[in-house]
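Listed here are the chains, written in short residue letters.
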Amino acid sequence: MSAFDTLDGIPGWNPRDDGIGLLNLVEIDTAEDTLRFGVGFDARFVDVNGMEWLGATILRVSSMPSALSGVAPEGDLSLSFFQDPDEPDFITSIMEDGPALVAGRPIRFYLQPLRTPEEMFAPTIAPVLVYTRIMRTLTAAASGAQGRTLKLTFEAWSEKRRQARRIRFDRAGHELLLGESNPSLEYRPTDMREDEKLF
């Protein structure tokens, strides 16, 4: 299932039409407040429910890989910017309480369908929830004199794979999967050694 499957059934929505667009929206549920952002555009967007989303091109969302090759599955939302030397240090203020405010709380990703360019300013469709994940950590990094990056990590789509029970390919495992036993699996090879040729 793709993210676009969640858009099926919206009246008047056809992704092949001219003027059609999508906004990527992210909602961060902290212990103190709910923060709403638009990813990849600089604008203030107000949806049909009256919720305000602050767009920022400096905001990036990573791809979410599978749990393969020993890599723990996770995604991240990052904000990269230059610190104004005449202003209070933004990273310091965020990192005082920020990690405790987001750890273990949900982050939600939405798609906002736009039938016409004018709907950027007067939308007629509510944002569509694509998926919800759980936030993990908030970290900060510095590059150069004023370059700063905040990174918020969250579980990836394949998070539950590491909790899956291993099923052996034997009679019991076959019965668990299909509801009936397969007696022939009793004679399956149990190792790769070939001390004696069968044929």
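Residues numbered from 1 in each chain as written. Predicted model: local features only at pLDDT ≥ 70, side-chain atom pairs only at ≥ 80, totals over all residues. Heavy atoms only, no water.

A.B. asks: Outline the pairing of strand S2 (residues 34-39), listing residues and values.
C.D. replies: One face of the sheet, then the other: side chains in a regular strand alternate in exactly this way. Judged from the 6 bridges that link them, strand S1 (residues 21-29) and S2 form a sheet pairing that is antiparallel. Its bridge partner lying in S2, Asn-24 is registered against Val-39. Linking two consecutive strands that pair antiparallel, namely S1 and S2, is a turn of 4 residues. Sheet topology note: the S2/strand S4 (residues 52-56) ladder contains 3 bridges and is parallel. Looking at the pairing, Gly-38 lines up with Gly-55 of S4. (Pairing = 2+ DSSP bridges. Helix = DSSP H or I, 4+ residues; strand = E, 2+ residues; numbered from the N terminus.)

A.B. asks: Any chance you could break down the sheet that holds S1 for me, citing the residues and the numbers?
C.D. replies: The 9 strands are arranged S3-S4-S2-S1-S7-S8-S9-S6-S5 in an open sheet whose pairing can be described as mixed. Whereas interior strands pair on both sides, the edge strands pair on one side only; in this sheet they are strand S3 (44-46) and strand S5 (59-61). In this sheet, neighbouring strand axes are inclined to one another by 30 degrees on average, regardless of whether the strands run parallel or antiparallel. Pairing between strand S7 (residues 106-114) and strand S8 (residues 128-143): 6 bridges, direction antiparallel. If you follow Arg-108 over to S8, its bridge partner there is Thr-132. Along the sheet, helix H1 (residues 90-102) makes contact with S1, strand S6 (74-82), S8 and strand S9 (147-155), crossing S8 at roughly 135 degrees. (Axes fitted to C-alpha atoms, helices over the stretch in contact; angles between N-to-C directions. Contact = heavy atoms within 4.5 Å.)

A.B. asks: Explain the pattern of salt bridges to me, using residue names and the numbers behind them.
C.D. replies: Should their charged atoms come close, side chains of opposite charge can pair. The tally for this structure, following the rule as stated, stands at 7 salt bridges. A salt bridge links Glu-27 to Arg-108, with the shortest nitrogen-to-oxygen separation between them at 3.2 Å. With Glu-27 in strand S1 and Arg-108 in strand S7, the pair connects residues that are 81 residues apart, well separated along the chain. Classification of Glu-27 as buried rests on a relative accessible area of 8%. Overlapping salt bridges bring together Glu-27, Asp-29, Arg-36, Arg-105 and Arg-108 as one network. (Salt bridge = Lys/Arg side-chain N within 4 Å of Asp/Glu carboxyl O. Buried < 20%, exposed > 50% of the residue type's maximum accessible area, 1.4 Å probe, protein only.)

A.B. asks: Go over the layout of surface pockets with me, naming the residues and quoting the values.
C.D. replies: The computed volume of the largest pocket comes to approximately 490 Å³. Along the wall of the largest pocket there are 20 residues; nearest its centre are Ile-28, Leu-35, Phe-37, Ile-94 and Leu-150. For the lining of the largest pocket, the secondary structure elements donating two or more residues are S2, S6, H1 and S9. When residues of the lining of the largest pocket are assigned to their parent elements, the largest contribution, 5 residues, is made by H1. Class assignment of the residues belonging to the lining of the largest pocket gives a composition of 14 nonpolar, 3 polar and 3 charged. (1 Å grid on protein atoms, 1.4 Å probe; cavity = no way out; pocket = protein on both sides within 12 Å on 5 of 7 lines; lining within 4 Å. Points joined across faces, edges and corners; volume = space filled by probe spheres on them. Nonpolar A, V, L, I, M, F, W, Y, C, P; charged D, E, K, R; others polar.)

A.B. asks: An account of the nonpolar core is needed here, citing residue identities and associated values.
C.D. replies: The biggest cluster of nonpolar side chains holds 16 residues, and the ones touching the most others in it are Val-26, Ile-28, Leu-77, Ile-107 and Leu-152. Those elements giving two or more residues to this core turn out to be S1, S6, H1, S7, S8 and S9. The dominant element in this core, judged by the number of residues it contributes, is S9, at 3 residues. Residue contacts for Ile-28: discarding those within four places in its chain leaves Asp-33, Thr-34, Leu-35, Phe-37, Leu-77, Val-102, Pro-106, Ile-107, Met-135 and Leu-152. Listed in part, the 8 residues of the second largest apolar core include Leu-23, Phe-41, Phe-45 and Met-120. (Core = buried A, V, L, I, M, F, W, Y, C linked by side-chain atoms within 4.5 Å.)

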